There are 2 protein chains.
Amino acid sequence: MAKNKMKQEELVVLLKDAGIKPSVQRIMILDYLVKNHTHPTVDMIYRALYTDIPTLSKTTVYNTLDLFTEHNLVQKLFIEENEIRYDIDAAVHGHFKCVDCGLVTDFNINRIETEVDKLNENKIIAREVYYRGICKKCLANK
Amino acid sequence: MAKNKMKQEELVVLLKDAGIKPSVQRIMILDYLVKNHTHPTVDMIYRALYTDIPTLSKTTVYNTLDLFTEHNLVQKLFIEENEIRYDIDAAVHGHFKCVDCGLVTDFNINRIETEVDKLNENKIIAREVYYRGICKKCLANK
DNA sequence: ATCATTGCAAACACTTTGCATACGC
DNA sequence: GCGTATGCAAAGTGTTTGCAATGAT
(Lines give C-alpha, C1' and ligand atoms only; values in the text may rest on other atoms or scores of the structure.)
Protein backbone atom coordinates (compact mmCIF):
# COMPACT_ATOMS: atom_id res chain seq x y z
CA MET A 1 0.00 0.00 0.00
CA ALA A 2 2.66 2.47 1.04
CA LYS A 3 4.66 1.28 -1.90
CA ASN A 4 1.78 1.80 -4.29
CA LYS A 5 1.23 5.27 -2.91
CA MET A 6 4.87 6.10 -3.48
CA LYS A 7 4.78 4.70 -6.97
CA GLN A 8 1.78 6.87 -7.76
CA GLU A 9 3.72 9.94 -6.71
CA GLU A 10 6.64 8.93 -8.91
CA LEU A 11 4.28 8.70 -11.85
CA VAL A 12 2.94 12.17 -11.10
CA VAL A 13 6.49 13.49 -11.08
CA LEU A 14 7.16 11.75 -14.40
CA LEU A 15 4.14 13.43 -15.94
CA LYS A 16 4.92 16.85 -14.52
CA ASP A 17 8.54 16.62 -15.67
CA ALA A 18 7.23 15.95 -19.16
CA GLY A 19 4.99 19.00 -18.90
CA ILE A 20 1.75 17.03 -18.62
CA LYS A 21 -0.98 17.81 -16.11
CA PRO A 22 -1.75 14.63 -14.18
CA SER A 23 -5.18 13.06 -14.12
CA VAL A 24 -6.53 9.72 -12.92
CA GLN A 25 -6.60 8.35 -16.47
CA ARG A 26 -3.17 9.65 -17.42
CA ILE A 27 -1.60 8.20 -14.30
CA MET A 28 -3.21 4.82 -14.87
CA ILE A 29 -2.15 4.65 -18.50
CA LEU A 30 1.40 5.68 -17.63
CA ASP A 31 1.37 3.14 -14.80
CA TYR A 32 0.38 0.44 -17.25
CA LEU A 33 3.15 1.41 -19.66
CA VAL A 34 5.77 1.48 -16.90
CA LYS A 35 4.72 -1.93 -15.58
CA ASN A 36 4.20 -3.57 -18.96
CA HIS A 37 7.06 -3.23 -21.38
CA THR A 38 5.11 -5.32 -23.83
CA HIS A 39 4.71 -2.68 -26.55
CA PRO A 40 0.94 -2.70 -26.12
CA THR A 41 -1.65 -1.54 -28.63
CA VAL A 42 -4.38 0.92 -27.66
CA ASP A 43 -6.78 -1.97 -27.35
CA MET A 44 -4.52 -3.88 -24.95
CA ILE A 45 -4.23 -0.85 -22.68
CA TYR A 46 -7.93 -0.17 -22.88
CA ARG A 47 -8.94 -3.73 -22.03
CA ALA A 48 -6.45 -3.92 -19.16
CA LEU A 49 -7.70 -0.72 -17.53
CA TYR A 50 -11.36 -1.08 -18.34
CA THR A 51 -12.00 -3.36 -15.35
CA ASP A 52 -10.59 -0.76 -12.97
CA ILE A 53 -12.24 2.27 -14.60
CA PRO A 54 -15.37 1.06 -16.39
CA THR A 55 -16.09 4.59 -17.55
CA LEU A 56 -12.82 4.72 -19.45
CA SER A 57 -13.14 5.54 -23.11
CA LYS A 58 -10.90 4.43 -25.92
CA THR A 59 -10.84 8.03 -27.08
CA THR A 60 -9.14 8.94 -23.84
CA VAL A 61 -6.55 6.24 -24.36
CA TYR A 62 -5.89 7.60 -27.85
CA ASN A 63 -5.79 11.19 -26.62
CA THR A 64 -3.49 10.33 -23.75
CA LEU A 65 -1.06 8.33 -25.85
CA ASP A 66 -0.95 11.09 -28.44
CA LEU A 67 -0.21 13.54 -25.64
CA PHE A 68 2.51 11.26 -24.27
CA THR A 69 3.98 10.95 -27.74
CA GLU A 70 4.05 14.72 -28.26
CA HIS A 71 5.83 15.11 -24.95
CA ASN A 72 8.28 12.33 -25.84
CA LEU A 73 7.18 10.15 -22.97
CA VAL A 74 6.45 7.27 -25.34
CA GLN A 75 7.28 6.31 -28.89
CA LYS A 76 4.90 4.96 -31.52
CA LEU A 77 5.93 1.74 -33.24
CA PHE A 78 4.70 0.75 -36.67
CA ILE A 79 6.09 -2.75 -36.78
CA GLU A 80 3.10 -4.31 -38.55
CA GLU A 81 0.17 -3.09 -40.54
CA ASN A 82 -3.07 -2.17 -38.83
CA GLU A 83 -1.68 -1.67 -35.39
CA ILE A 84 0.18 1.03 -33.57
CA ARG A 85 2.15 -0.06 -30.55
CA TYR A 86 3.55 2.12 -27.82
CA ASP A 87 6.92 1.89 -26.16
CA ILE A 88 8.03 3.80 -23.08
CA ASP A 89 11.71 2.86 -23.31
CA ALA A 90 13.57 5.96 -24.43
CA ALA A 91 16.88 4.33 -25.32
CA VAL A 92 17.43 3.51 -29.00
CA HIS A 93 16.90 -0.16 -29.56
CA GLY A 94 15.52 -2.61 -32.08
CA HIS A 95 12.23 -4.45 -32.02
CA PHE A 96 11.81 -8.07 -32.94
CA LYS A 97 8.30 -9.26 -33.68
CA CYS A 98 7.50 -12.95 -33.80
CA VAL A 99 5.04 -13.42 -36.66
CA ASP A 100 3.86 -16.63 -35.01
CA CYS A 101 2.94 -15.58 -31.46
CA GLY A 102 2.88 -11.83 -32.06
CA LEU A 103 5.20 -11.01 -29.20
CA VAL A 104 7.42 -7.96 -29.60
CA THR A 105 10.76 -7.99 -27.81
CA ASP A 106 13.55 -5.45 -27.60
CA PHE A 107 17.15 -5.95 -28.56
CA ASN A 108 20.09 -3.64 -28.24
CA ILE A 109 21.72 -2.01 -31.22
CA ASN A 110 25.32 -1.18 -30.80
CA ARG A 111 25.84 0.51 -34.08
CA ILE A 112 24.31 1.12 -37.50
CA GLU A 113 26.66 1.97 -40.31
CA THR A 114 24.92 3.78 -43.10
CA GLU A 115 25.94 5.43 -46.30
CA VAL A 116 26.60 8.75 -44.59
CA ASP A 117 26.79 11.16 -47.51
CA LYS A 118 23.23 10.56 -48.62
CA LEU A 119 21.69 11.21 -45.21
CA ASN A 120 23.87 13.74 -43.48
CA GLU A 121 22.08 16.77 -44.86
CA ASN A 122 18.72 15.60 -43.58
CA LYS A 123 17.53 16.19 -40.05
CA ILE A 124 16.84 12.82 -38.52
CA ILE A 125 14.22 12.78 -35.79
CA ALA A 126 13.67 9.08 -35.22
CA ARG A 127 15.53 5.88 -35.99
CA GLU A 128 13.70 2.60 -35.87
CA VAL A 129 14.92 -0.91 -36.49
CA TYR A 130 12.39 -3.69 -36.93
CA TYR A 131 13.16 -7.35 -37.33
CA ARG A 132 10.45 -9.87 -38.00
CA GLY A 133 10.71 -13.62 -37.74
CA ILE A 134 9.94 -16.57 -35.53
CA CYS A 135 11.09 -16.59 -31.91
CA LYS A 136 12.94 -19.56 -30.47
CA LYS A 137 9.93 -20.53 -28.35
CA CYS A 138 7.71 -20.85 -31.41
CA LEU A 139 10.48 -22.63 -33.33
CA ALA A 140 10.66 -25.21 -30.54
CA ASN A 141 6.90 -25.83 -30.73
CA LYS A 142 7.10 -27.03 -34.31
CA MET B 1 7.48 1.15 -79.34
CA ALA B 2 9.82 -1.74 -79.89
CA LYS B 3 11.41 -0.88 -76.61
CA ASN B 4 8.07 -0.94 -74.83
CA LYS B 5 7.27 -4.31 -76.35
CA MET B 6 10.56 -5.70 -75.12
CA LYS B 7 10.02 -4.26 -71.69
CA GLN B 8 6.63 -5.92 -71.51
CA GLU B 9 8.22 -9.27 -72.26
CA GLU B 10 10.79 -8.73 -69.55
CA LEU B 11 8.00 -8.09 -67.07
CA VAL B 12 6.29 -11.30 -68.11
CA VAL B 13 9.51 -13.18 -67.51
CA LEU B 14 9.84 -11.55 -64.10
CA LEU B 15 6.35 -12.68 -63.18
CA LYS B 16 6.81 -16.20 -64.50
CA ASP B 17 10.12 -16.55 -62.70
CA ALA B 18 8.35 -15.65 -59.49
CA GLY B 19 5.72 -18.29 -60.22
CA ILE B 20 2.96 -15.82 -61.05
CA LYS B 21 0.66 -16.16 -64.03
CA PRO B 22 0.78 -12.92 -66.01
CA SER B 23 -2.29 -10.80 -66.67
CA VAL B 24 -2.83 -7.30 -68.01
CA GLN B 25 -3.33 -5.89 -64.52
CA ARG B 26 -0.40 -7.75 -62.99
CA ILE B 27 1.95 -6.61 -65.73
CA MET B 28 0.83 -2.99 -65.39
CA ILE B 29 1.22 -2.97 -61.61
CA LEU B 30 4.64 -4.58 -61.85
CA ASP B 31 5.55 -2.10 -64.58
CA TYR B 32 4.57 0.75 -62.30
CA LEU B 33 6.66 -0.63 -59.43
CA VAL B 34 9.69 -1.15 -61.66
CA LYS B 35 9.46 2.36 -63.09
CA ASN B 36 8.59 4.12 -59.84
CA HIS B 37 10.86 3.34 -56.95
CA THR B 38 8.85 5.75 -54.85
CA HIS B 39 7.52 3.24 -52.30
CA PRO B 40 3.95 3.85 -53.43
CA THR B 41 0.81 3.14 -51.47
CA VAL B 42 -2.06 1.13 -52.96
CA ASP B 43 -3.85 4.38 -53.66
CA MET B 44 -0.93 5.88 -55.56
CA ILE B 45 -0.71 2.82 -57.79
CA TYR B 46 -4.45 2.75 -58.29
CA ARG B 47 -4.69 6.42 -59.23
CA ALA B 48 -1.72 6.17 -61.59
CA LEU B 49 -3.12 3.20 -63.49
CA TYR B 50 -6.76 4.18 -63.38
CA THR B 51 -6.46 6.49 -66.37
CA ASP B 52 -5.06 3.67 -68.51
CA ILE B 53 -7.44 0.98 -67.28
CA PRO B 54 -10.63 2.69 -66.10
CA THR B 55 -12.11 -0.67 -65.16
CA LEU B 56 -9.31 -1.31 -62.68
CA SER B 57 -10.45 -2.04 -59.16
CA LYS B 58 -8.61 -1.27 -55.95
CA THR B 59 -9.35 -4.83 -54.89
CA THR B 60 -7.26 -6.04 -57.79
CA VAL B 61 -4.40 -3.79 -56.74
CA TYR B 62 -4.63 -5.19 -53.20
CA ASN B 63 -4.89 -8.77 -54.48
CA THR B 64 -1.99 -8.32 -56.84
CA LEU B 65 0.30 -6.71 -54.28
CA ASP B 66 -0.52 -9.45 -51.78
CA LEU B 67 0.32 -12.00 -54.45
CA PHE B 68 3.59 -10.21 -55.26
CA THR B 69 4.43 -10.11 -51.55
CA GLU B 70 3.79 -13.82 -51.11
CA HIS B 71 6.07 -14.54 -54.05
CA ASN B 72 8.73 -12.18 -52.66
CA LEU B 73 8.54 -9.88 -55.63
CA VAL B 74 7.86 -6.89 -53.38
CA GLN B 75 8.19 -6.04 -49.74
CA LYS B 76 5.61 -4.30 -47.54
CA LEU B 77 6.80 -1.27 -45.62
CA PHE B 78 5.15 -0.05 -42.44
CA ILE B 79 6.98 3.21 -42.04
CA GLU B 80 4.01 5.22 -40.81
CA GLU B 81 0.61 4.51 -39.40
CA ASN B 82 -2.36 3.97 -41.68
CA GLU B 83 -0.45 3.28 -44.82
CA ILE B 84 1.27 0.33 -46.34
CA ARG B 85 3.91 1.09 -48.92
CA TYR B 86 5.43 -1.31 -51.40
CA ASP B 87 9.05 -1.64 -52.41
CA ILE B 88 10.39 -3.73 -55.24
CA ASP B 89 14.07 -3.37 -54.34
CA ALA B 90 15.18 -6.69 -52.88
CA ALA B 91 18.48 -5.56 -51.38
CA VAL B 92 18.49 -4.75 -47.67
CA HIS B 93 18.44 -1.02 -47.20
CA GLY B 94 17.01 1.65 -44.95
CA HIS B 95 14.09 3.96 -45.58
CA PHE B 96 14.05 7.62 -44.71
CA LYS B 97 10.68 9.32 -44.60
CA CYS B 98 10.42 13.09 -44.56
CA VAL B 99 7.59 13.96 -42.18
CA ASP B 100 7.21 17.28 -43.99
CA CYS B 101 6.80 16.34 -47.65
CA GLY B 102 6.07 12.65 -47.12
CA LEU B 103 8.73 11.44 -49.54
CA VAL B 104 10.36 8.12 -48.77
CA THR B 105 13.93 7.61 -49.94
CA ASP B 106 16.31 4.69 -49.68
CA PHE B 107 19.71 4.66 -48.10
CA ASN B 108 22.29 1.95 -47.90
CA ILE B 109 23.10 0.13 -44.71
CA ASN B 110 26.57 -1.22 -44.49
CA ARG B 111 26.24 -2.93 -41.19
CA ILE B 112 24.05 -3.25 -38.11
CA GLU B 113 25.72 -4.41 -34.93
CA THR B 114 23.23 -5.92 -32.51
CA GLU B 115 23.44 -7.65 -29.20
CA VAL B 116 23.88 -11.02 -30.84
CA ASP B 117 23.20 -13.42 -27.99
CA LYS B 118 19.61 -12.30 -27.53
CA LEU B 119 18.63 -12.75 -31.16
CA ASN B 120 20.67 -15.60 -32.53
CA GLU B 121 18.26 -18.32 -31.50
CA ASN B 122 15.39 -16.67 -33.34
CA LYS B 123 14.77 -17.11 -37.02
CA ILE B 124 14.86 -13.69 -38.61
CA ILE B 125 12.82 -13.32 -41.76
CA ALA B 126 12.91 -9.57 -42.36
CA ARG B 127 15.06 -6.68 -41.24
CA GLU B 128 13.78 -3.16 -41.63
CA VAL B 129 15.38 0.14 -40.75
CA TYR B 130 13.26 3.26 -40.74
CA TYR B 131 14.48 6.77 -40.17
CA ARG B 132 12.09 9.67 -39.95
CA GLY B 133 12.94 13.36 -40.10
CA ILE B 134 13.03 16.33 -42.40
CA CYS B 135 14.79 16.15 -45.74
CA LYS B 136 17.27 18.80 -46.81
CA LYS B 137 14.87 20.15 -49.41
CA CYS B 138 12.21 20.84 -46.78
CA LEU B 139 14.82 22.22 -44.40
CA ALA B 140 15.87 24.70 -47.08
CA ASN B 141 12.27 25.87 -47.56
CA LYS B 142 12.00 27.08 -43.97
C1' DA C 1 -16.45 31.06 -13.58
C1' DT C 2 -13.28 29.45 -16.61
C1' DC C 3 -10.67 26.32 -18.96
C1' DA C 4 -9.11 21.60 -19.75
C1' DT C 5 -10.27 16.71 -19.76
C1' DT C 6 -13.24 13.03 -20.57
C1' DG C 7 -16.11 10.02 -23.21
C1' DC C 8 -20.00 8.86 -26.18
C1' DA C 9 -21.46 8.48 -30.92
C1' DA C 10 -20.71 9.31 -35.48
C1' DA C 11 -17.57 9.82 -39.13
C1' DC C 12 -13.37 8.33 -41.53
C1' DA C 13 -9.76 5.90 -44.00
C1' DC C 14 -7.78 1.86 -45.28
C1' DT C 15 -8.26 -2.96 -46.03
C1' DT C 16 -10.70 -7.36 -46.51
C1' DT C 17 -14.54 -10.36 -47.82
C1' DG C 18 -18.46 -12.34 -50.61
C1' DC C 19 -19.97 -13.14 -54.69
C1' DA C 20 -21.21 -12.56 -59.55
C1' DT C 21 -19.07 -11.63 -64.02
C1' DA C 22 -15.49 -12.05 -67.36
C1' DC C 23 -11.32 -14.07 -69.12
C1' DG C 24 -7.80 -17.49 -70.69
C1' DC C 25 -6.18 -22.03 -71.90
C1' DG D 1 -16.12 -25.66 -70.45
C1' DC D 2 -13.47 -25.14 -66.36
C1' DG D 3 -10.64 -22.93 -63.24
C1' DT D 4 -8.72 -18.55 -62.25
C1' DA D 5 -8.72 -13.46 -62.21
C1' DT D 6 -11.30 -9.40 -61.82
C1' DG D 7 -14.10 -5.96 -59.73
C1' DC D 8 -18.20 -4.15 -57.51
C1' DA D 9 -20.47 -3.51 -53.18
C1' DA D 10 -20.67 -4.41 -48.47
C1' DA D 11 -18.53 -5.36 -44.20
C1' DG D 12 -14.74 -4.91 -41.03
C1' DT D 13 -11.09 -2.67 -38.28
C1' DG D 14 -8.51 0.78 -36.19
C1' DT D 15 -8.40 5.70 -35.60
C1' DT D 16 -10.16 10.45 -35.52
C1' DT D 17 -13.61 14.11 -34.92
C1' DG D 18 -17.61 16.80 -32.98
C1' DC D 19 -19.58 17.95 -29.17
C1' DA D 20 -21.81 17.76 -24.73
C1' DA D 21 -20.95 16.55 -19.89
C1' DT D 22 -17.86 16.53 -16.31
C1' DG D 23 -13.97 17.89 -13.45
C1' DA D 24 -10.29 20.92 -11.60
C1' DT D 25 -8.49 25.35 -10.01
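Residues numbered from 1 in each chain as written. Chains lettered and ligands numbered in written order. Predicted model: local features only at pLDDT ≥ 70, side-chain atom pairs only at ≥ 80, totals over all residues. Heavy atoms only, no water.

1. What to know about the side chain of Arg85(A)
- Of note, Arg85(A) is situated in strand β2 (residues 83–87).
- At 3.0 Å, the side chain of Arg85(A) forms a polar contact with the side chain of Glu83(A). (Helix = DSSP H or I, 4+ residues; strand = E, 2+ residues; numbered from the N terminus. Polar contact = N/O pair within 3.5 Å; in protein donor to acceptor, adjacent residues only side chain to side chain.)

2. Some thoughts on the protein's contact with DNA strand D
- In the vicinity of DNA strand D there are 14 residues, among which Tyr62(A), Ser23(B), Gln25(B), Ser57(B) and Thr60(B) approach most closely.
- Sugar and phosphate atoms form 78% of the subset of DNA strand D atoms that lie within 4 Å of the protein.
- For DNA strand D, a phosphate oxygen lies 3.0 Å from a polar atom in the side chain of Gln25(B).
- Every element with two or more residues in the surface near DNA strand D is listed here: α4 (58–70) of chain A together with α2 (24–35) and α4 (58–70) of chain B. (Near = heavy atom within 4 Å.)

3. Considering unusual backbone geometry
- Although it is not a glycine, Asn72(A) sits at a positive phi angle of roughly 60 degrees.
- Within the secondary structure layout, Asn72(A) lies in the loop between α4 and β1 (75–80).
- Among the residues examined, Asn72(A) registers a relative accessible area of 68% and is labelled exposed.
- The residue His39(B) is not glycine, and still its phi comes out positive at about 55 degrees.
- Within the secondary structure layout, His39(B) lies in the loop between α2 and α3 (42–50). (Buried < 20%, exposed > 50% of the residue type's maximum accessible area, 1.4 Å probe, protein only.)

4. Brief notes about the protein's contact with DNA strand C
- Near DNA strand C lie 14 residues; those nearest to it are Ser23(A), Ser57(A), Thr60(A), Tyr62(B) and Ile84(B).
- Atoms of DNA strand C within 4 Å of the protein: sugar and phosphate make up 77%, bases the balance.
- The separation between a phosphate oxygen of DNA strand C and a polar main-chain atom of Thr55(A) is 3.1 Å.
- In this structure, Thr59(A) approaches DNA strand C through a side-chain N or O atom, which is 3.2 Å from a base nitrogen.
- Where the surface near DNA strand C is concerned, the elements lending two or more residues are α2 (24–35) and α4 of chain A together with α4 of chain B.
- In the surface near DNA strand C, the residues fall into three nonpolar, eight polar and three charged. (Nonpolar A, V, L, I, M, F, W, Y, C, P; charged D, E, K, R; others polar.)

5. Section: the relation of the copies chain A and chain B
- Mapping chain A onto chain B leaves a residual RMSD of 0.1 Å; the transformation is a rotation of 180 degrees accompanied by 0.0 Å of translation along its axis. On the angle and the small slide along the axis, the relation comes out as a two-fold axis.
- Looking at chain A, 100% of its interface residues are interface residues in chain B too, so the copies touch through the same face. (Least-squares fit on C-alpha atoms with pLDDT ≥ 70 in both. Contact = heavy atoms within 4.5 Å.)

6. Observations concerning the pairing of strand β3 (residues 93–98) of chain B
Residue and element names in this part refer to chain B.
- Burial analysis of β3 places six of its six residues in the buried class, the great majority of the element.
- Bridge count between β3 and strand β4 (residues 104–114): five bridges; the pairing is antiparallel. Considered in β4, the bridge of His93 is made with Asn108.
- The hairpin turn running from β3 into β4, its antiparallel successor, is five residues long, and Gly102 in that turn takes a positive phi close to 85 degrees. (Pairing = 2+ DSSP bridges.)

7. Structural notes on the interface of chain A and chain B
- At the interface, 37 residues of chain A touch 37 residues of chain B.
- Contact with chain B buries area across many residues of chain A, yet Phe78(A), Tyr131(A) and Arg132(A) alone supply 19% of it, more than any other trio.
- For the salt bridge of Arg132(B) with Glu128(A), the shortest nitrogen-to-oxygen distance reads 2.4 Å.
- The interface formed by chain A and chain B includes 10 residue pairs in polar contact (both at pLDDT 80 or more).
- Secondary structure elements with two or more residues in the side of chain A that touches chain B: β1, β4 (104–114), α5 (116–119), β5 (123–134) and α6 (136–140) of chain A.
- Among the residues forming the side of chain A that touches chain B, the class breakdown is 18 nonpolar, five polar and 14 charged.
- Two elements, β5(A) and strand β5 (residues 123–134) of chain B, share 11 bridges in a ladder whose sense is antiparallel. (Buried area = accessible area lost by both parts, 1.4 Å probe. Salt bridge = Lys/Arg side-chain N within 4 Å of Asp/Glu carboxyl O.)

8. Points about the pattern of salt bridges
Residue and element names in this part refer to chain A.
- Applying the stated criterion across every chain, the model contains 13 salt bridges over all chains.
- For Asp31, the salt bridge goes to Lys35, with nearest N and O atoms at 3.0 Å. Remark: Lys35 and Asp31 occur in helix α2; sequence separation between them is four residues, near one turn of the helix.
- One salt bridge in this structure joins Arg47 and Asp43, with 2.2 Å as the shortest N-O distance. Separated by four residues within a single helix, Arg47 and Asp43 lie in helix α3 (residues 42–50), roughly one turn from each other.
- Overall, Arg47 belongs to the exposed group, its relative accessible area being 53%.

9. What about the environment of Lys137(B)?
- By the secondary structure assignment, Lys137(B) is in helix α6 (residues 136–140).
- For the pair Lys137(B) and Ile112(B), spaced 25 residues apart in the sequence, the C-alpha separation amounts to 28 Å.

10. So, α4(A)
All names here are of chain A.
- An ideal rise of 1.5 Å per residue puts 18 Å on 13 residues; α4 measures up with 18 Å between its terminal C-alpha atoms.
- The opening residue of α4, the one whose side-chain oxygen lies 3.0 Å from the backbone nitrogen of Thr59, is Ser57.
- Downstream of α4 by one or two residues, Asn72 has phi in the positive range, about 60 degrees. (Expected span 1.5 Å × (residues − 1).)

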